[in-house]
Amino acid sequence: MITKAVALAAAFQGAFALPKNVPVNLKGKGNGKRDLPPAEVRAEAVVNAFRTAWEGYSKYAFPNDELKPVTNGFSNSRNQWGASAVDALSTALVMGQKDIVNQIIDYIPTIDYFSTPSSVSLFETTIRYLGGMLSGYDFLNGPLADLADNKTNVEQLLEQSKNLANALSYAFDTPSGVPYNNLDFSDRSTDGSNNGLATVGTLILEWVRLADLTGNETYAKLTEKAESYLLAPKPATSEPWPGLLGMSISPTTGEFQDARGGWIGGADSFYEYLIKMYVYDPSRYATYKDRWILAVDSTITHLTSHPKSRPDLTFVAMYTNQTLQLVSQHLACFDGGNFILGGQVLDKQEYIDYGLELVNGCHETYIATATGIGPEIFAWDDTKVPSAQAAFYNSSGFYITNSAYQLRPEVIESFYYAYRATGDVKYQEWAWDAFLAINATTRVGSGFSSIEDVDVVGGGAFTDFQESFWFAEVLKYSFLIHAPEAEWQVGRDGVNKWVFNTEAHPFKVFEDGYA
Ligand SMILES: *[C@@H]1O[C@H](CO)[C@@H](O)[C@H](O)[C@H]1NC(C)=O
Ligand SMILES: *[C@@H]1O[C@H](CO)[C@@H](O)[C@H](O)[C@H]1NC(C)=O
Ligand SMILES: *[C@@H]1O[C@H](CO)[C@@H](O)[C@H](O)[C@H]1NC(C)=O
Ligand SMILES: *[C@@H]1O[C@H](CO)[C@@H](O)[C@H](O)[C@H]1NC(C)=O
Ligand SMILES: *[C@@H]1O[C@H](CO)[C@@H](O)[C@H](O)[C@H]1NC(C)=O
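Everything numeric in this text was worked out from a predicted model, so none of it was measured.

A. Representation of the pattern of salt bridges within the structure. Under the defined criterion, the tally for this structure stands at 20 salt bridges. We note a salt bridge from Arg-209 to Asp-138, for which the minimum N-O separation is 2.9 Å. Of the two residues, Arg-209 sits in helix 8 (residues 204-214) while Asp-138 sits in helix 5 (residues 122-140), which places them 71 residues apart along the sequence. By relative accessible area, Arg-209 is classed as buried at 0%. Residues joined by salt bridges that share partners form a network here, namely Glu-124, Arg-128, Glu-467 and Glu-503.

B. Broad picture of the environment of Val-385. With respect to the helices and strands, the residue Val-385 is situated in the loop between strand 14 (377-379) and helix 14 (390-396). Counting along the chain gives 15 residues from Val-385 to Ile-400, while the straight-line C-alpha distance between them is 9.3 Å. Ignoring sequence-local partners within four residues, the contact set of Val-385 consists of Ala-390, Tyr-393 and Tyr-399.

C. Examining the site of ligand 1 more closely. All residues in the neighbourhood of ligand 1 are listed as Pro-109, Asn-150, Thr-152, Asn-153 and Gln-156. Note that an oxygen atom of ligand 1 is positioned 2.3 Å from one of the side-chain N or O atoms of Asn-150. Interatomic distance of 2.6 Å between a side-chain N/O atom of Asn-153 and an oxygen atom of ligand 1.

D. Up close: the site of ligand 4. The environment of ligand 4 is formed by Ala-390, Ala-391 and Asn-394. Within the complex, 26% of the 360 Å² of free accessible area of ligand 4 lies under protein.

E. A look at the confidence of the model for the protein. Mean pLDDT over the protein works out to 94, with 93% of the residues at or above the 70 mark. Low confidence marks residues 1-30, where pLDDT is under 50. Its contacts with residues over four positions away, or in another chain, come to 50 contacts.

F. Region of interest: the nonpolar core. With 152 residues, the main nonpolar core has Ile-108, Leu-140, Trp-207, Trp-263, Tyr-271, Tyr-405 and Phe-479 as its most contacted residues. Apart from residues no more than four positions distant in its own chain, Phe-479 is found in contact with Ala-43, Val-46, Val-47, Val-94 and Met-95. Counting 11 residues, the second largest nonpolar core, distinct from the first, contains Ala-317, Phe-392, Phe-398 and Ile-400.

G. A look at helix 11 (residues 286-303). Helix length check: helix 11, at 18 residues, gives a terminal C-alpha distance of 25 Å against a target of 26 Å (1.5 Å per residue), a fit within 8%. By the burial criterion, the buried members of helix 11 are Tyr-288, Lys-289, Arg-291, Trp-292, Ala-295, Val-296, Ser-298, Thr-299 and Leu-303.

Rules used in this analysis
- Residues numbered from 1 in each chain as written.
- Chains lettered and ligands numbered in written order.
- Predicted model: local features only at pLDDT ≥ 70, side-chain atom pairs only at ≥ 80, totals over all residues.
- Heavy atoms only, no water.
- Salt bridge = Lys/Arg side-chain N within 4 Å of Asp/Glu carboxyl O.
- Helix = DSSP H or I, 4+ residues; strand = E, 2+ residues; numbered from the N terminus.
- Buried < 20%, exposed > 50% of the residue type's maximum accessible area, 1.4 Å probe, protein only.
- Contact = heavy atoms within 4.5 Å.
- Near = heavy atom within 4 Å.
- Polar contact = N/O pair within 3.5 Å; in protein donor to acceptor, adjacent residues only side chain to side chain.
- Areas by Shrake-Rupley, 256 points an atom, 1.4 Å probe, with all protein chains shown as cover.
- pLDDT = per-residue confidence, 0-100.
- Core = buried A, V, L, I, M, F, W, Y, C linked by side-chain atoms within 4.5 Å.
- Expected span 1.5 Å × (residues − 1).

Below you can see the structure in the form of structure tokens.
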């Protein structure tokens with residue numbers, strides 16, 4: 001495959017550029033289990049998986065949203081705008097896959113974002129489509145400009161971002177300014193239901209980036225207004241500990257409806273973005289950083305939990321008011337990486353150390369199962385262990401309450417932050433093992449499929465669905481942890497030129513004078 005060989009040769013040209021002081025592939029480092037293949041071989045294996053998944057999608061599904069790899073069909077769970085293509089763009093860019101980059105940017109100008117046959121999620125559309133296009137624009141207008149054959153297509157990434165945001169913006173037209181999430185474009189209506197903490201609190205990075213790139217301040221103002229209710233939550237009972245909030249918010253009043261939460265799906269990326277906004281622009285978003293510190297300090301003090309059968313492990317519990325539930329999720333495993341990022345940026349070693357403990361706990365959920373992949377949901381409540389999992393709980397420190405794996409990235413994402421912060425090759429080993437396990441179990445037909453049971457060799461059954469975030473996230477983090485130093489890699493010293501949105505699309509951080 002000529003394109004791939006050329007791109008890889010370019011990516012690894014000359015001496016293999018390494019982070020300062022980071023030993024690579026040293027015998028006896030990390031777990032000392034074995035020698036890994038060289039970093040460039042590992043990175044190339046991930047690129048091969050990306051090309052396999054892309055070729056399957058391109059042949060059988062493009063420009064629909066997702067590939068059904070077992071039956072060589074397609075699905076449209078994301079409004080039929082080509083979710084996998086837009087989500088794959090920034091990964092194709094960092095991997096230097098020029099042919100795929102140009103296939104995607106030739107396509108994006110043809111999308112009609114004002115029209116769709118299905119209900120639109122403001123949140124999902126923002127993180128995947130808006131995030132993917134803005135990241136592509138930042139790269140192709142910046143350090144990876146050489147990868148675009150047609151400069152008009154690059155300008156179109158920003159034009160289409162404006163079109164999409166303009167199509168979505170009526171969602172914010174509510175009495176409080178907290179948007180509705182579920183939109184019907186055919187008559188510009190909403191479903192009128194309460195919104196969630198993550199779905200309200202994970203818009204601001206994308207919409208502020210768009211405002212800064214276009215000079216249209218409305219995009220920033222809409223999301224800052226919505227976020228204002230999350231930074232000063234009401235009623236007081238919805239904040240059981242300082243910084244830790246409920247999850248359901250009324251767009252009518254802007255008030256919280258509950259006091260249930262954690263670092264779990266539905267809440268997760270609200271906390272993630274508090275510190276990422278500070279990374280993006282510390283002068284405008286210092287308050288967000290202060291709220292992140294409150295949440296993190298409360299988490300360490302009140303949510304830290306060690307399974308009775310494995311007191312060496314650290315997990316973060318969920319809560320309802322001040323009552324803990326000893327349950328967590330694959331989705332929550334981004335938390336270790338987020339603590340590490342914040343610890344580095346704020347120069348707080350205690351947050352980095354705590355984050356590394358969380359990374360270790362999530363790694364344990366991978367190595368305990370028959371496939372080497374962690375489950376969707378797990379728990380460690382000593383009084384509720386299912387008898388069939390008693391021995392498993394005894395040795396691993398958790399039991400499985402939902403055994404699926406949906407091609408999620410969070411565990412490998414946190415390995416990536418741990419590696420960038422520490423330079424410890426143990427985290428490259430863990431990421432490589434996870435990638436090999438995922439490749440061995442989910443690779444099927446024309447791509448990769450979600451599976452039903454991580455604790456059965458072979459994964460139980462394929463659900464015949466290749467998520468768009470497989471391209472955006474799993475393959476990007478799996479690649480970057482072995483890839484050469486580059487300005488978009490997470491800073492090793494707390495200084496970041498780029499910040500990753502929750503879908504792993506990197507944006508250039510704000511610099512005064514030019515966006
Ligand atoms: C470049 O892309 C634009 C759409 O963005 C298209 O109209 C134009 O034909 C393309 N030019 C070439 C030479 O392909
Ligand atoms: C700025 O964005 C808002 C929100 O989508 C939109 O209504 C308005 O037309 C935009 N302004 C300009 C000058 O494009
Ligand atoms: C949580 O606290 C609120 C307000 O104090 C109360 O109304 C609610 O019943 C509590 N919920 C639970 C499950 O304890
Ligand atoms: C689990 O460990 C406890 C305490 O060590 C022991 O009593 C019990 O028999 C073990 N259960 C299983 C199924 O291994
Ligand atoms: C990934 O899986 C495919 C198909 O099973 C296999 O051919 C390939 O060698 C695997 N890649 C790695 C790096 O093990």
